[in-house]
Amino acid sequence: MNIPLSECRRRDSDLTVAMQPTETSGKFTTPLLDSGPKLPFHFETGFALFAKRAPRPFPPPFLSPPSGSFSDPLSTHHQSRDKRAFVHGELIQGWTNGDDAVHASEYFICANDGVGAWSARPRGHAGLWSRLILHFWVAAMQEDIAKPRPPDQLYHPDPIHYLQQAYEHTIEATTGPSDCLGTTTATGAQLFYKTDAKNSASSVTPLLYVTNLGDSQVMVVRPKSHEMVYKSKEQWHWFDCPRQLGTNSPDTPTENAVLDTVEVQVGDVVLAMTDGVIDNLWGHEIVENVCKSVERWEAGEGGQASGPRKDGANGGMTFVAQELVNAAKEIATDPFAESPFMEHAIEEGLASEGGKLDDISVVAALSKRSKQYRKLMEQFSMGFGFHVPYQVLVDADFIAEGNKCKMDLMRRLEDTLHGEVKPMITQCSMRHLYERKSEPGVEAAIEQAKDHFERRRCGHHPDQYPKPLSALDCIHSVVDPKNNGVNKHRYVCAINDDAVRADLRQLAGTPLLFIRRSVMIMEPMARVSAKVRSKDERSKFRAEIKTPSGKRKRDDDDGSDEENEGQAASGTIKAEKSEKKKHKKHGRKEPNPLATEAPKRKRIRKHKGNGVSTNDDASAASNPTAAAED
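Computed from a predicted model, the values in this text were never measured in an experiment.

Draft legend 1. Molecular detail of a negative patch on the surface. Negative charge collects at one region of the surface, where Glu 338, Glu 343, Glu 347 and Glu 348 lie side by side. Structurally, the position occupied by Glu 347 is in helix α7 (residues 340–347).

Draft legend 2. Broad picture of the sheet that holds strand β20 (residues 421–426). Pairing is mixed in the open sheet, where six strands are placed in the order β21-β20-β19-β22-β23-β24. The open sheet terminates on both sides in strands that have one partner only, identified here as β21 (454–456) and β24 (519–522). Taken pair by pair, the neighbouring strands of this sheet meet at an average axis angle of 35°, ignoring direction. Alignment of strand β22 (residues 491–494) against strand β23 (residues 512–516), held across two bridges, turns out to be parallel. Bridge pairing in β23 places Ala 494 opposite Leu 513. Across the sheet, helix α8 (residues 372–384) touches β19 (390–394), β22 and β24, and the angle it forms with β24 is around 40°. Where helix α10 (residues 409–417) meets the sheet, its contacts fall on β19, β20, β22, β23 and β24, and the angle it forms with β24 comes to roughly 35°.

Draft legend 3. The arrangement of the packing of helix α11 (residues 427–435) against helix α12 (residues 442–452) in detail. One can describe the packing of α11 onto α12 by two numbers: an axis separation of 9 Å at closest approach and a directional angle of 150°. It follows that α11 is roughly antiparallel to α12 by the angle criterion. For the element pair α11 and α12, the recorded crossing hand is left-handed. Listed contacts from α12 to Met 430, Leu 433 and Tyr 434 of α11 are Val 442, Ile 446, Ala 449 and Lys 450. Class assignment for the residues of the contact of α11 with α12 results in six nonpolar, no polar and one charged.

Draft legend 4. Layout of the environment of Val 218. Tracing the chain through its elements places Val 218 in strand β11 (residues 217–222). For Val 218, a relative accessible area of 0% translates into the label buried. For the pair Val 218 and Ser 232, spaced 14 residues apart in sequence, the C-alpha separation works out to 5.5 Å. For Val 218, the residues in contact, after removing those within four places along its chain, are Thr 187, Gly 188, Ala 189, Val 210, Tyr 230, Lys 231, Ser 232, Val 270, Leu 271 and Ala 272.

Draft legend 5. Here's a closer look at the layout of surface pockets. Approximately 640 Å³ is the volume found for the second largest pocket. As for the second largest pocket, its lining consists of 22 residues, of which His 42, Glu 44, Lys 368, Arg 369 and Lys 371 are closest to the centre. Elements with a contribution of two residues or more to the lining of the second largest pocket: β2 (41–51), β18 (360–369) and α8. A class-by-class count of the residues in the lining of the second largest pocket yields five nonpolar, six polar and 11 charged.

Draft legend 6. Molecular detail of the pairing of strand β10 (residues 204–213). Of all 10 residues that make up β10, nine are buried, and the element is covered over most of its length. Sheet topology places strand β9 (residues 186–195) next to β10; 10 bridges connect them, and they run antiparallel. Directly across from Gln 190, in β10, lies its bridge partner Tyr 209. As defined by bridge partners, β10 adjoins strand β16 (residues 258–263) across six bridges and the pair is classed as antiparallel. If you follow Leu 208 over to β16, its bridge partner there is Val 262.

Draft legend 7. Focus on the sheet that holds strand β7 (residues 108–113). An order of β5-β6-β7-β9-β10-β16 is seen for the six strands of this open sheet, with the pairing classed as antiparallel. If you trace the sheet from one side to the other, it starts and ends with β5 (95–97) and β16, each paired once. Taken pair by pair, the neighbouring strands of this sheet meet at an average axis angle of 20°, ignoring direction. Bridge count for β7 against β9 is three bridges, and the pairing is antiparallel. In the sheet register, Ile 109 faces β9, and the bridge partner there is Ala 189. Where helix α1 (residues 126–146) meets the sheet, it contacts β5, β6 (100–104), β7, β9 and β10, and its direction lies at approximately 155° from that of β7. Lying over the sheet, helix α2 (residues 159–173) contacts β9, β10 and β16, oriented at roughly 35° with respect to β10.

Draft legend 8. Geometry of the pattern of salt bridges. Applying the stated rule across the entire model yields 25 salt bridges. Notably, a salt bridge pairs Glu 537 with Arg 533, separated by 3.3 Å at the nearest N-O pair. One end of the pair, Glu 537, and the other, Arg 533, are both in helix α15 (residues 527–546), four residues apart, so they sit about a helical turn from each other. The network of salt bridges with common partners includes Lys 52, Asp 240, Asp 275, Asp 279, Lys 356 and Asp 358.

Draft legend 9. Spotlight on a positive patch on the surface. On the surface, a cluster of positive charge is contributed by Lys 224, Lys 310, Lys 371 and Arg 374. Relative to the elements of secondary structure, Lys 310 occurs in the loop between α5 (283–298) and α6 (316–332).

Draft legend 10. Structural detail: unusual backbone geometry. With omega at -5°, the peptide bond leading from Val 388 into Pro 389 counts as cis. Within the fold, Pro 389 resides in the loop between α8 and β19. Its identity is not glycine, yet Asn 314 carries a phi of approximately 60°, on the positive side. Structurally, Asn 314 is set in the loop between α5 and α6. We classify Asn 314 as buried; its relative accessible area is 18%. For Arg 490, which is not a glycine, the phi torsion comes out positive at approximately 60°. Along the chain, Arg 490 turns up in the loop between α13 (471–479) and β22.

Draft legend 11. Region of interest: the side chain of Ser 130. The topology assignment puts Ser 130 in helix α1. Excluding its chain neighbours within four sequence positions, the residues that come into contact with Ser 130 are Asp 99, Asp 100, Ala 101, Asn 112, Gly 114 and Thr 184.

Draft legend 12. Representation of empty space enclosed by the protein within the structure. Using the criterion set out here, one finds two cavities of 30 Å³ or more in the structure. The computed volume of the largest cavity comes to approximately 60 Å³. Each residue belonging to the lining of the largest cavity can be placed in one class, and the counts come to four nonpolar, four polar and two charged. By volume, the second largest cavity amounts to about 40 Å³. Every residue lining the second largest cavity is listed: Phe 380, Arg 505, Thr 510, Pro 511, Leu 512, Glu 523, Pro 524, Met 525 and Ala 526. Residues of the lining of the second largest cavity, tallied by class, amount to six nonpolar, one polar and two charged.

Draft legend 13. View of the environment of Ala 321. Residue position: Ala 321 is located in helix α6. For Ala 321, a relative accessible area of 0% gives the class buried. Taking C-alpha positions, Ala 321 is 8.7 Å from Ser 361, a pair spaced 40 residues apart along the chain.

Draft legend 14. Here's a closer look at the nonpolar core. Counting residues in hydrophobic clusters, the biggest one holds 95 residues, and the most contacted among them are Leu 208, Val 270, Leu 417 and Leu 433. Setting aside chain neighbours within four positions, we find Leu 417 in contact with Met 377, Tyr 390, Val 392, Val 492, Leu 513 and Met 522.

How each quantity is defined
Residues numbered from 1 in each chain as written. Predicted model: local features only at pLDDT ≥ 70, side-chain atom pairs only at ≥ 80, totals over all residues. Heavy atoms only, no water. Patch = residues over 30% accessible without salt bridge, like charges linked within 9 Å, V, L, I, M, F, W, Y side chains within 5 Å. Areas by Shrake-Rupley, 256 points an atom, 1.4 Å probe, with all protein chains shown as cover. Salt bridge = Lys/Arg side-chain N within 4 Å of Asp/Glu carboxyl O. Lys, Arg positive; Asp, Glu negative; His and termini not counted. Charge placed at Lys NZ, Arg CZ, Asp CG, Glu CD. Helix = DSSP H or I, 4+ residues; strand = E, 2+ residues; numbered from the N terminus. Pairing = 2+ DSSP bridges. Axes fitted to C-alpha atoms, helices over the stretch in contact; angles between N-to-C directions. Contact = heavy atoms within 4.5 Å. Parallel < 35°, antiparallel > 145°, perpendicular 65-115°, else oblique. Left-handed = near helix turned anticlockwise from the far one by under 90°. Nonpolar A, V, L, I, M, F, W, Y, C, P; charged D, E, K, R; others polar. Buried < 20%, exposed > 50% of the residue type's maximum accessible area, 1.4 Å probe, protein only. 1 Å grid on protein atoms, 1.4 Å probe; cavity = no way out; pocket = protein on both sides within 12 Å on 5 of 7 lines; lining within 4 Å. Points joined across faces, edges and corners; volume = space filled by probe spheres on them. Core = buried A, V, L, I, M, F, W, Y, C linked by side-chain atoms within 4.5 Å.

Next comes the structure, spelled out in structure tokens:
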């Protein structure tokens with residue numbers, strides 16, 4: 001973005017014609033705080049950036065504290081200083097791209113476009129404003145997710161409220177001694193889910209909360225069908241002057257931000273882009289580029305993948321974002337290309353040609369179903385011996401809540417645990433269901449428990465216990481009958497009672513499930529179980545170290561001196577032999593047969609008389625006269 005409200009007719013590109021652009025890309029998925037429940041869906045993200053000029057360094061106290069001693073470097077941007085940006089003692093989240101700022105996490109992506117014209121003014125820091133808005137936006141969302149709530153009050157995303165809090169905190173941080181001017185647009189997409197009570201087979205689907213203020217854009221592309229599912233609408237005061245948050249701007253998130261909820265599917269690609277993309281590429285070009293990039297990634301292009309390449313997973317989003325940035329940059333740097341920005345300028349009666357050189361920021365996110373539960377069950381299998389079929393012990397609240405949500409419990413249990421299940425229910429839990437028979441949906445739960453759930457004997461017979469034991473006492477006695485803190489029979493406990501789950505967390509090797517808002521959730525491994533598992537792994541590792549890999553002969557300390565001397569002598573002899581073998585004397589022992597003269601061949605004659613052959617040399621030596629006559 002390029003024009004603030006106070007200078008709406010001034011073209012930012014005029015200020016930066018001679019600037020050198022820079023380009024970066026990467027694959028970063030920053031997880032949110034692990035304090036809320038795991039969602040059934042998550043983002044796999046990647047981003048790519050192109051800056052038309054290097055960003056202005058953040059001023060103190062955001063980048064580095066001012067010098068407090070004469071021994072400190074005079075420049076606060078000295079190479080010895082910490083180059084990371086901080087606010088209120090916290091590391092500022094996200095990445096800066098020129099005057100833009102982007103963020104990518106498992107459940108939220110964001111792209112803010114700072115107004116570049118502030119860079120020509122004293123104390124103007126558009127890049128700082130876009131980054132701080134992003135940081136406080138993410139912090140407000142994390143704080144709301146981590147907030148403790150009663151069981152009847154569930155979390156519901158409120159992105160506009162988070163953005164309003166971010167706007168207020170940014171104003172507070174940029175006023176006073178650290179007075180910084182700037183404005184920025186803001187757009188983000190938070191991934192959540194929705195439930196469908198009418199269709200129990202597909203009860204949970206991903207839902208996207210899209211918030212936009214200004215001319216940045218969120219787009220949802222479905223590569224399977226090569227279509228655009230959703231595109232946010234740009235907000236303008238007038239041409240080239242979008243709505244923006246910051247200095248001298250009347251816009252606020254509460255009054256001007258727009259919130260859309262979009263139903264997406266697993267495999268959809270969600271894009272958060274600044275206007276450097278949408279001012280240079282039309283919508284159909286973006287869709288075509290993304291779909292082709294996904295196909296190329298699945299075909300093996302785009303670099304090394306960390307796993308299967310289906311739907312652009314395991315590194316494909318970085319490739320998608322980079323290809324989109326390359327396409328937008330090609331138009332932006334071409335003075336004769338046709339572009340959406342040129343088309344809009346001509347419609348406004350302004351002379352314009354070619355693309356628009358601007359900061360280009362793209363965050364690409366692939367909607368995926370979470371598979372943390374598969375890894376978690378693998379850990380339980382390796383550490384505590386769980387195997388298929390999993391024995392799932394349920395309580396009355398769990399099965400009643402499942403029927404209330406019209407959930408197919410058997411299918412959802414198998415999907416969550418990623419394996420065949422064997423559901424069980426205790427006699428006391430059945431008696432609890434009969435006591436609640438008048439409640440809506442409980443009678444269906446009783447019939448389901450009779451037909452599909454194996455009855456687990458708990459030993460609390462009605463003759464001895466006229467009233468059923470509480471779920472805490474009954475289930476604890478079944479899972480840990482000897483009270484030694486171990487899940488002996490390897491039960492997966494599906495419990496909706498918070499008190500019972502808190503008690504079972506103290507038993508080593510106990511997976512826990514519960515239902516919230518028609519979603520079956522599996523708790524992370526408890527600390528007790530994690531400690532036992534890590535202890536077993538360390539003991540196995542130490543055992544492997546102690547066990548020798550091969551046989552080694554060692555001297556027997558209890559042996560006699562004679563045996564030791566004999567072993568030493570034999571060892572010396574062997575050493576001498578080995579030395580002799582190793583150190584061979586090289587040299588000519590015999591003359592080279594090729595270098596010596598060949599021996600003369602002896603001539604043999606035959607006597608005519610008797611045919612006896614004699615040697616001329618021998619006959620000559622015995623009868624020299626005859627030899628002379630011959």
